[in-house]
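For reference, the chains in residue letters:
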Amino acid sequence: MCVIVAAKMATSASATLSKAVKQQYMNLPQGDKVQAMYIWIDGTGEGLRCKTRTLDYEPKSVEDLPEWNFDGSSTYQAEGSNSDMYLIPAAMFRDPFRKDPNKLVLCEVLKYNGKPTETNLRITCKKMMEMVKDQHPWFGMEQEYTILGTDGHPFGWPSNGFPGPQGPYYCGVGADKAYGRDVVEAHYRACLYAGVQICGTNAEVMPAQWEFQVGPCEGISMGDHLWVARFLLHRVCEDFGVVASFDPKPISGNWNGAGCHTNFSTKEMREDGGLTAIEDSIEKLGKRHSYHIRAYDPKGGLDNARRLTGRHETSNINEFSAGVANRGASIRIPRTVGQEKKGYFEDRRPSANCDPYGVTEALVRTCLLNEEGDEPADY
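Remember, predicted model here, so these are calculated numbers, not experimental data.

Conventions used here
Residues numbered from 1 in each chain as written. Predicted model: local features only at pLDDT ≥ 70, side-chain atom pairs only at ≥ 80, totals over all residues. Heavy atoms only, no water. Helix = DSSP H or I, 4+ residues; strand = E, 2+ residues; numbered from the N terminus. Rg over C-alpha atoms; globule rule 2.2 N^0.38 Å. Buried < 20%, exposed > 50% of the residue type's maximum accessible area, 1.4 Å probe, protein only. Contact = heavy atoms within 4.5 Å. Areas by Shrake-Rupley, 256 points an atom, 1.4 Å probe, with all protein chains shown as cover. Lys, Arg positive; Asp, Glu negative; His and termini not counted. Charge placed at Lys NZ, Arg CZ, Asp CG, Glu CD. Salt bridge = Lys/Arg side-chain N within 4 Å of Asp/Glu carboxyl O. UniProt positions renumbered as here; feature names shortened; annotations may be inferred. pLDDT = per-residue confidence, 0-100. Phe/Tyr/Trp six-rings, centres within 6.5 Å; stacked < 30°, edge-to-face > 60°. Lys NZ or Arg CZ within 6 Å of the ring centre and 35° of its normal. Pairing = 2+ DSSP bridges. Axes fitted to C-alpha atoms, helices over the stretch in contact; angles between N-to-C directions. Core = buried A, V, L, I, M, F, W, Y, C linked by side-chain atoms within 4.5 Å. Domains from an automatic or database assignment. Patch = residues over 30% accessible without salt bridge, like charges linked within 9 Å, V, L, I, M, F, W, Y side chains within 5 Å. Polar contact = N/O pair within 3.5 Å; in protein donor to acceptor, adjacent residues only side chain to side chain.

Undergrad: Lay out the overall build of the chain in plain terms, naming residues and giving numbers.
TA: Within the chain one finds ten helices and 13 strands. Against the compact-globule benchmark of 21 Å for 379 residues, the chain has a radius of gyration of 22 Å, which places it among compact chains. The burial tally for the chain puts 49% of its 379 residues in the buried class. Within the chain, counting contacts between residues at least 6 apart in sequence, those at least 24 apart form 66% of the total. Of the roughly 17,700 Å² of accessible surface on the chain, 51% is carried by carbon and sulfur atoms. Across the chain, the 42 positively charged side chains and the 50 negatively charged ones have centroids separated by 3 Å.

Undergrad: Lay out the pattern of salt bridges in plain terms, naming residues and giving numbers.
TA: Counting across every chain of the model gives 25 salt bridges. Its salt-bridge partner being lysine 111, residue glutamate 118 comes within 2.9 Å of it at the nearest N-O pair. Here aspartate 272 makes a salt bridge to lysine 342, at a shortest N to O gap of 3.1 Å. Pair noted here: aspartate 272 is in the loop between helix H5 (267–270) and helix H6 (275–286) and lysine 342 is in the loop between helix H9 (335–340) and strand E13 (345–347), with a separation of 70 residues, a long-range link. When its relative accessible area of 68% is taken as the criterion, aspartate 272 is described as exposed.

Undergrad: Outline the UniProt feature "domain: GS beta-grasp" (unreviewed entry) in the chain, supporting the account with residue identities and numerical values.
TA: In the numbering adopted here, UniProt assigns the feature "domain: GS beta-grasp" (unreviewed entry) to residues 32–114. In this annotation, residues 32–114 is assigned 0% helix and 47% strand; the end-to-end C-alpha distance for the span is 33 Å.

Undergrad: Go over the confidence of the model for the chain with me, naming the residues and quoting the values.
TA: The predicted model of the chain averages 95 in pLDDT, with 98% of residues at 70 or higher. Contacts of residues 1–7 to residues separated by more than four positions or lying in other chains number zero contacts, the stretch itself having pLDDT below 50.

Undergrad: A description of the packing of aromatic side chains should follow, citing residues and the corresponding values.
TA: Across all of its chains, the model carries ten aromatic pairs by this definition. Ring geometry for tyrosine 169 and tyrosine 179: centres 6.1 Å apart, planes at 70°, overall edge-to-face. Residue tyrosine 169 is found in the loop between strand E6 (138–148) and helix H3 (181–194), and its partner tyrosine 179 is found in the loop between E6 and H3; the two are separated by ten residues along the sequence. Judged by relative accessible area, which is 3%, tyrosine 169 ranks as buried. Connected via pairs of aromatic rings, a cluster forms that spans Phe139, Phe264 and Phe345. We note lysine 51 situated over the ring of tryptophan 68; from NZ or CZ to the ring centre the distance is 4.2 Å. A cation over an aromatic ring shows up here: arginine 270 above the ring of tryptophan 138, its NZ or CZ 3.6 Å from the ring centre.

Undergrad: Tell me about the sheet that holds strand E1 (residues 34–41), residues and numbers included.
TA: Strand pairs in the sheet, formed through backbone hydrogen bonds, run parallel or antiparallel to each other. Pairing is mixed in the open sheet, where five strands are placed in the order E2-E1-E5-E4-E3. Edge positions in the sheet fall to strand E2 (48–55) and strand E3 (68–71), since each of these pairs with one other strand and no more. Within this sheet the neighbouring strands show an average axis-to-axis angle of 40°, counted without direction.

Undergrad: Before we move on, could you go through the nonpolar core and cite the residues and values that matter?
TA: Grouped together as the largest cluster of nonpolar side chains are 68 residues, with contacts concentrated most on Val196, Leu232 and Phe345. The element that contributes the greatest number of residues to this core is helix H4 (residues 221–240), accounting for ten residues. Taken domain by domain, this core gets at least three of its residues from each of domain 1 (33–118) and domain 2 (129–369). Not counting the four nearest positions on each side in its chain, leucine 232 is found in contact with Pro96, Phe97, Leu104, His187, Ala190, Cys191, Ala194 and Val196. Core analysis: the second largest hydrophobic core is formed by 13 residues, Val34, Trp40, Trp68 and Val109 among them.

Undergrad: Hey, could you go over a nonpolar patch on the surface for me, with residue numbers and the actual values?
TA: A cluster of nonpolar side chains, namely Val21, Tyr25 and Leu28, defines an oily patch on the protein surface of about 320 Å² accessible area. When you line up the elements, tyrosine 25 lands in helix H1 (residues 19–26). Take tyrosine 25: its relative accessible area is 57%, and that puts it in the exposed class.

Undergrad: I'd love a proper account of the pairing of strand E8 (residues 209–218), names of residues and values included.
TA: The buried fraction of E8 is high, at eight of ten residues. Where E6 and E8 come together, eight bridges link them in antiparallel fashion. The residue of E8 that forms the bridge with threonine 146 is glutamine 209. Sheet analysis places strand E7 (residues 198–203) next to E8, joined by five bridges and oriented antiparallel. Within E8, the position partnered with asparagine 202 by the bridge is glutamate 211. Between E7 and E8, which pair antiparallel and follow one another directly, the connecting turn spans five residues, one of which, alanine 208, has a positive phi of 80°.

Undergrad: Describe in detail the side chain of arginine 122, supporting the description with residues and values.
TA: Positionally, arginine 122 belongs in helix H2 (residues 122–131). Relative accessible area serves as the criterion here: at 7%, arginine 122 is assigned to the buried category. There is a polar contact of 2.9 Å between the side chain of arginine 122 and the side chain of glutamate 108. Leaving out residues up to four positions away in the same chain, arginine 122 has contacts with Ala90, Glu108, Ile220, Asp224 and Tyr357.

Undergrad: Tell me about the UniProt feature "domain: GS catalytic" (unreviewed entry) in the chain, and name the residues and values.
TA: Under the feature "domain: GS catalytic" (unreviewed entry), the UniProt entry names residues 121–379. The span residues 121–379 carries 34% helix and 17% strand; its end-to-end C-alpha distance comes to 15 Å.

Structure (structure tokens):
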């Protein structure tokens, strides 16, 4: 007798709860009240936290939102003896889970004395963006991630082995090539509803690895939109009972890592003859490689050291390189940019778990404010 055994993925228990039952309650009218979910970055520089409050009105702008607080001793941001932290609304989006008129509120975090926490990189990033706003810096970030089961095993991989080698999975289609597309489609639509500037998505080289792109965004909005896109991904994965990992090398061995390639341009670069400005910026970046490596992952380069090996479409972490259409270089100039002599360049060094505020600030400091050396200037 033939016995067929179905492999069961390690999904969370909450994923098995009836979503139809939940929907009965979500369909109830909420009167004239509005739910505002406040979101912030915790003390790891990678994790996101959230909590909700009821408002008596629908906020039309960030200025309409009240400040709030939370217990920083439970988020790696304070000691229990002095744990109150302040949430300062910074950006507002529509809530795709509770739907209109409810809101998502991305917040900065301040300490009890009004100073930013160590992982609040938004304040200095915003200051740098104000200093160069006349140059209209545009960014586009390509966020790679891996879908995992709750046991940390990549989604769809054999429980006691590995899938076939890389090759058929990148931009693949079919049940044997695309692992977890339901998550990707749900996340894409959630971003569009929320107002996140998502501009595309695709399956990546390693099976169960995907990418979405956010941009073009000008100035501080790049970090705002990418952090909210990440929050939405975590929240969608929660509904499906799986985990989104931004680890830059989730599986060791002959598998691609995960980055957050960052595309950058200024008004001058986008205009005729802009290739000269692009090449000038690349020359500046080459002289400040170690500073950027430290800024491009939350552990000062240690996470990226596992990924930037010179293999699997990466540059070597210890060397700076640049080239046209070269995915093994630190900086890639797209072929069309080389032909048209204007456009943008791609910094391929940032890790998947980078802080977009830190990455975009570093690019502005080096390329537009002409900083040199291993430490950021103090203005």
